[in-house]
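Single-letter residue listing:
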Amino acid sequence: MTGTTHPRVRMTGEQRRRQLLDIGRELFAQRGFEATSVEELAAHAAVSKPVVYEHFGGKEGLYGAVVDREMQALLGRFTSALSTPGHPRGMLESAALVLLDYIEEETDGFRVLTRDAPGTGGGTSFSSLIGEVARKVEHILGREFGGRGYDPRLAQLYSQALVGMVSLVGEWWLDNRTLGKHEVAAHLVNLSYNGLAHLEPRPGLGAAPREE
């Protein structure tokens, strides 16, 4: 995030839209929605304010488009990771790493999702995203519960608990990189898969499932 303006260049409408989305993501991540002005967005894109209004109708429209793009990108990662059948522990590892990879690779995007949203107390877009991921996990847990003799109706509760834990740890890791992402993911899986009563002292990813 350099904070420098971009040189004026001739772009197609689609190129200009992508440029404004990228600049909007950078500034909203750095300053938040309320502290970012249309004037600032236009200056960084080296365009006039009417260009921003032409493409997005204003700051709110640009913010909404940025959030939607990030939500779809992250949800696509989760969907891909959870769509391949496998052992539950491996799926937990994949889900944890999906979020941590995204935070590492797309830090500005994650900050936008978890920062203040217009007219709310903040975090609304991220809560919606996490709710969608939890619904996908619920279907997976429902199948597992049914095959193991557990009540499938409890899958909703467990999916909320698991996804909520991963998302909160992800928010913490955003600004607390004292542990590497693989170490963080291993500890998340250790707790969620083994439980407090059977924690592994030195957990790692790809470990053989503990015999029941």
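Residues numbered from 1 in each chain as written. Predicted model: local features only at pLDDT ≥ 70, side-chain atom pairs only at ≥ 80, totals over all residues. Heavy atoms only, no water.

**Some details on the overall build of the protein**
So, point 1. Of the regular secondary structure elements, the protein holds nine helices and zero strands.
So, point 2. Seen in sequence order, the protein has helices and strands lined up from the N terminus as α-α-α-α-α-α-α-α-α.
So, point 3. Taken over 212 residues, the protein has a buried fraction of 41%.
So, point 4. Counting contacts in the protein only where the partners sit at least 6 residues apart, residues at least 24 apart contribute 63% of the total.
So, point 5. Accessible area for the protein stands at about 11,300 Å²; split by element, carbon and sulfur atoms hold 53% of it. (Helix = DSSP H or I, 4+ residues; strand = E, 2+ residues; numbered from the N terminus. Buried < 20%, exposed > 50% of the residue type's maximum accessible area, 1.4 Å probe, protein only. Contact = heavy atoms within 4.5 Å. Areas by Shrake-Rupley, 256 points an atom, 1.4 Å probe, with all protein chains shown as cover.)

**Some details on the environment of Lys-136**
So, point 1. Position of Lys-136 relative to the elements: it lies in helix 7 (residues 124-148).
So, point 2. With 23 residues separating them along the chain, Lys-136 and Ser-159 place their C-alpha atoms 8.5 Å apart.
So, point 3. Those residues in contact with Lys-136, other than ones at most four positions away along the chain, are Leu-75 and Thr-79.

**Overview of the packing of helix 8 (residues 155-174) against helix 9 (residues 181-194)**
So, point 1. At their nearest, the axes of helix 8 and helix 9 sit 11 Å apart, and the two run at 155° to each other. The orientation of helix 8 relative to helix 9 falls into the category roughly antiparallel. The hand of the helix 8/helix 9 crossing is right-handed. Counted together, Leu-162, Met-165, Val-166, Val-169, Trp-172 and Trp-173 of helix 8 and Lys-181, Val-184, Leu-188, Leu-191 and Ser-192 of helix 9 form the full contact between these two elements.
So, point 2. Broken down by class, the residue content of the contact of helix 8 with helix 9 amounts to nine nonpolar, one polar and one charged. (Axes fitted to C-alpha atoms, helices over the stretch in contact; angles between N-to-C directions. Parallel < 35°, antiparallel > 145°, perpendicular 65-115°, else oblique. Left-handed = near helix turned anticlockwise from the far one by under 90°. Nonpolar A, V, L, I, M, F, W, Y, C, P; charged D, E, K, R; others polar.)

**Brief notes about the UniProt feature "DNA-binding region" (unreviewed entry) in the protein**
So, point 1. With numbering matched to this structure, UniProt assigns "DNA-binding region" (unreviewed entry) to residues 37-56.
So, point 2. As annotated, residues 37-56 has a helix share of 80% and a strand share of 0%, and its two end C-alpha atoms lie 14 Å apart. (UniProt positions renumbered as here; feature names shortened; annotations may be inferred.)

**Focus: the environment of Gln-19**
So, point 1. In this structure, Gln-19 sits in helix 1 (residues 13-31).
So, point 2. Under the relative-accessibility criterion, Gln-19 is labelled buried at 10%.

**Notes on unusual backbone geometry**
So, point 1. Its identity is not glycine, yet Ala-46 carries a phi of approximately 60°, on the positive side.
So, point 2. Mapped onto the elements of the fold, Ala-46 is located in the loop between helix 2 (38-45) and helix 3 (49-56).

**Considerations on the nonpolar core**
So, point 1. In this structure, Phe-28, Leu-62, Leu-74 and Leu-113 are the most contacted members of the largest nonpolar core, which totals 55 residues.
So, point 2. Per-element tally for this core: the top contributor is helix 4 (residues 59-82), with 10 residues.
So, point 3. With near-sequence residues (within four places) excluded, Leu-74 lies in contact with Val-98, Leu-99, Tyr-102, Leu-113 and Leu-129. (Core = buried A, V, L, I, M, F, W, Y, C linked by side-chain atoms within 4.5 Å.)

**Re the pattern of salt bridges**
So, point 1. Under the criterion given, the structure shown has 15 salt bridges.
So, point 2. For Lys-49, the salt bridge goes to Glu-39, with nearest N and O atoms at 3.0 Å. Of the two residues, Lys-49 is situated in helix 3 and Glu-39 in helix 2; the sequence distance between them amounts to 10 residues.
So, point 3. A residue is classified by how much of its surface remains accessible, and Lys-49, at 32% relative accessible area, is partly exposed.
So, point 4. Put simply, Glu-104 and Lys-181 hold a salt bridge, and the shortest N to O gap is 2.8 Å. (Salt bridge = Lys/Arg side-chain N within 4 Å of Asp/Glu carboxyl O.)

**Concerning the environment of Arg-18**
So, point 1. With respect to the helices, strands and loops of the structure, Arg-18 is situated in helix 1.
So, point 2. By relative accessible area, which is 41% here, Arg-18 ends up partly exposed.
So, point 3. Counting along the chain gives 48 residues from Arg-18 to Val-66, while the straight-line C-alpha distance between them is 9.8 Å.

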